Amino acid sequence: MDFAGSGSVGAAASGCAFIWRYNVKRATTYLAALALVTVTVPAFAASKQEMNKSGSGASAIQPQKSVTTGSVTVEGRRINYTATAGTLIIKNKEGKPITSMSYVAYVKRGVSNPADRPVTFFYNGGPGSSTIWLHMLAFGPKLVKVGSGTLTPPAPYKMVNNDYSLLDATDMVFIDAPGTGFGRVLGKNVGGAGTPKDVYGIDEDAHAFAKFITQYLTLNNRWNSPKFLYGESYGTTRSAVLANLLERDDSVGLNGVILQSSILNFNITVDFPEIDPGINLPYALGLPTYAATAWYHHKVPNQPKELLPFLKKVEAFATGPYLDALRAGANLSDSTKQSIAEQMHMYTGLPVAYILKADLKVTGGQFAHELLSDSGDLTGRLDSRYSGPAMDPMGESASYDPLDSSIDAPTVSMFNQYVRQTLHFGKGMTYKPQINVFRYWDWKHAQPGAPFQLPFTPNVMPDLASAMKFNPDLHVLLEGGYFDLGTTFYSSQYEMQQLPIPHKLQKNISYAFFKSGHMIYLNPTAHKGLHDVAAKFIESHS
């Protein structure tokens with residue numbers, strides 16, 4: 001999971017450069033609003049004390065692994081697999097270790113030609129998140145049971161067979177970002193040469209993942225396998241940069257890229273559109289998600305029975321009359337402004353007076369705080385089906401995400417048990433679900449063809465476009481949830497339709513949207529659909 005502005009494990013941060021335009025207090029608020037994976041642990045290079053919990057001395061700079069076997073039943077089919085949990089060591093150009101990256105790989109057994117079987121590399125985002133969420137809540141062979149739109153009962157928690165693991169379609173490698181999971185930045189004190197600046201940044205992070213993937217392909221004889229990337233949230237940002245690096249710098253031919261809850265252009269998020277007056281597109285692209293959320297909570301006047309026909313009307317209004325009104329600015333007449341506010345009320349359930357007070361511009365955090373305010377509640381950000389008591393009923397924006405209360409403790413607790421008792425890895429080590437990388441993260445990015453890193457708000461659409469043009473057989477699957485206020489479905493669709501690629505390559509992009517939130521798999525019905533769509537995509541392009 002990724003992308004939520006709160007202080008718990010499950011919250012996440014999209015992030016953005018240019019915080020120097022604001023004072024310290026404003027910058028702190030800005031980063032919190034951006035957060036795709038909430039972070040609480042400082043991201044320093046591994047200390048001696050840390051190494052006692054993550055591999056000490058020489059062992060810290062050596063790859064480690066534990067190999068076990070198991071089985072999973074996927075939609076009625078039993079699949080036997082080999083599981084490898086371990087770490088790989090990433091080195092700099094001088095061949096010196098700079099970071100370890102932990103992973104868990106599942107490979108189907110009994111395959112006649114294993115080297116030809118598809119392999120998919122999974123990662124969550126943050127930045128600063130491990131991949132515990134995609135691993136234990138989505139596609140690994142074991143599934144932690146959590147509430148769907150509701151709180152999870154307290155411990156003891158439950159872990160069951162995952163009926164919708166993707167092991168039926170592909171071998172799977174779940175990769176933890178540098179410094180997360182069991183991985184650490186390897187400083188001089190443990191025989192390495194790494195510093196946070198070596199791996200914490202848009203480009204630095206992507207290079208680390210590229211080195212991990214090429215090393216894994218070599219060690220496991222998978223260079224000729226059909227290869228896929230699967231990123232969630234900031235993981236989609238990473239995928240765009242990573243796909244281009246692998247294709248163009250490392251000669252890794254990718255078959256497909258799956259983007260779940262995508263954010264490629266940070267200029268169009270509803271998290272913080274107010275920092276760019278005059279840029280009105282985020283409000284228009286976010287409105288359909290506001291409407292979907294209001295529909296779910298039965299706050300829409302004259303509530304329609306079906307969601308999708310309703311959203312089509314909202315989308316037409318959002319990019320038509322509503323966006324036109326926002327562009328008019330001070331030239332908008334009072335009568336037209338009143339009319340637009342009344343229509344927004346009919347779609348979102350927000351009071352007309354509130355919409356007018358906001359000058360027709362409601363951010364995601366304001367909407368989450370206001371929709372259920374009559375009962376003293378707020379909605380979730382990553383999944384607006386969830387709700388919980390507002391920390392400050394008189395506040396302006398949501399200050400936490402109720403989703404976190406449901407998934408954090410169960411997922412982290414069960415993984416810590418599973419990895420040691422079943423996978424037999426991690427004894428005496430500490431697993432970090434997330435870390436605070438924002439102190440070090442470099443948001444500058446060198447787009448393809450740029451002579452240097454550009455100090456602009458991140459936009460990696462050119463990177464994905466470059467990868468698709470370099471490899472015209474590369475296919476992309478975009479997945480999104482209608483109830484995701486962190487990376488709204490309409491904005492991610494807009495990004496795909498605006499990619500700077502030849503029109504003929506648009507046919508390589510497919511779409512799948514679900515009645516769920518950012519972590520689509522938290523809705524059991526959507527979880528099955530997500531599995532089926534991803535499995536079909538992988539099988540079709542292998």
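Residues numbered from 1 in each chain as written. Predicted model: local features only at pLDDT ≥ 70, side-chain atom pairs only at ≥ 80, totals over all residues. Heavy atoms only, no water.

A. Broad picture of the nonpolar core. Of all hydrophobic cores here, the largest spans 101 residues; its most connected members are Phe212, Leu229, Tyr322 and Leu360. Residues in contact with Leu229, not counting those within four places in the same chain, are Thr120, Phe121, Tyr123, Ile213, Ser239, Leu242, Ala243, Leu246, Leu254, Gly256, Val257 and Ile258. With 53 residues, the next largest nonpolar core counts Phe139, Phe182, Phe514 and Ala535 among its residues. (Core = buried A, V, L, I, M, F, W, Y, C linked by side-chain atoms within 4.5 Å. Buried < 20%, exposed > 50% of the residue type's maximum accessible area, 1.4 Å probe, protein only. Contact = heavy atoms within 4.5 Å.)

B. Expanded view of unusual backbone geometry. In this structure, Pro127 follows Gly126 across a cis peptide bond, with omega equal to -5°. Along the chain, Pro127 falls in the loop between strand S4 (119-123) and helix H3 (132-139). Residue Pro156 is bonded to the preceding Ala155 through a cis peptide linkage, with omega at 10°. Take Pro156: it is sitting in the loop between strand S5 (142-144) and strand S6 (159-161). (Helix = DSSP H or I, 4+ residues; strand = E, 2+ residues; numbered from the N terminus.)

C. Representation of the side chain of Thr293 in the model. In this fold, Thr293 is placed in helix H6 (residues 281-296). Look at Thr293 and you get buried, because its relative accessible area is 0%. A polar contact is formed between the side chain of Thr293 and the side chain of Ser384, at a distance of 2.6 Å. Discounting chain neighbours no more than four positions away, the residues touching Thr293 are Phe367, Leu371, Thr379, Ser384 and Phe483. (Polar contact = N/O pair within 3.5 Å; in protein donor to acceptor, adjacent residues only side chain to side chain.)

D. Looking closely at the pairing of strand S1 (residues 64-74). Strand direction decides the pairing type here: S1 and strand S2 (residues 77-91), joined by eleven bridges, are antiparallel. Residue pairing in the sheet places Gln64 in a bridge with Thr87 of S2. Between the end of S1 and the start of S2, which pair antiparallel, lie two residues, with Glu75 showing a positive phi angle near 50°. (Pairing = 2+ DSSP bridges.)

E. Focus on the environment of Leu137. Within the element layout of this structure, Leu137 appears in helix H3. Through-space distance from the C-alpha of Leu137 to that of Ser165 is 9.6 Å; in sequence the pair is 28 residues apart. Setting aside residues up to four positions removed in sequence, Leu137 forms contacts with Ile132, Leu143, Val144, Val146, Ile407, Thr411, Met519, Tyr521, Leu522 and His527.

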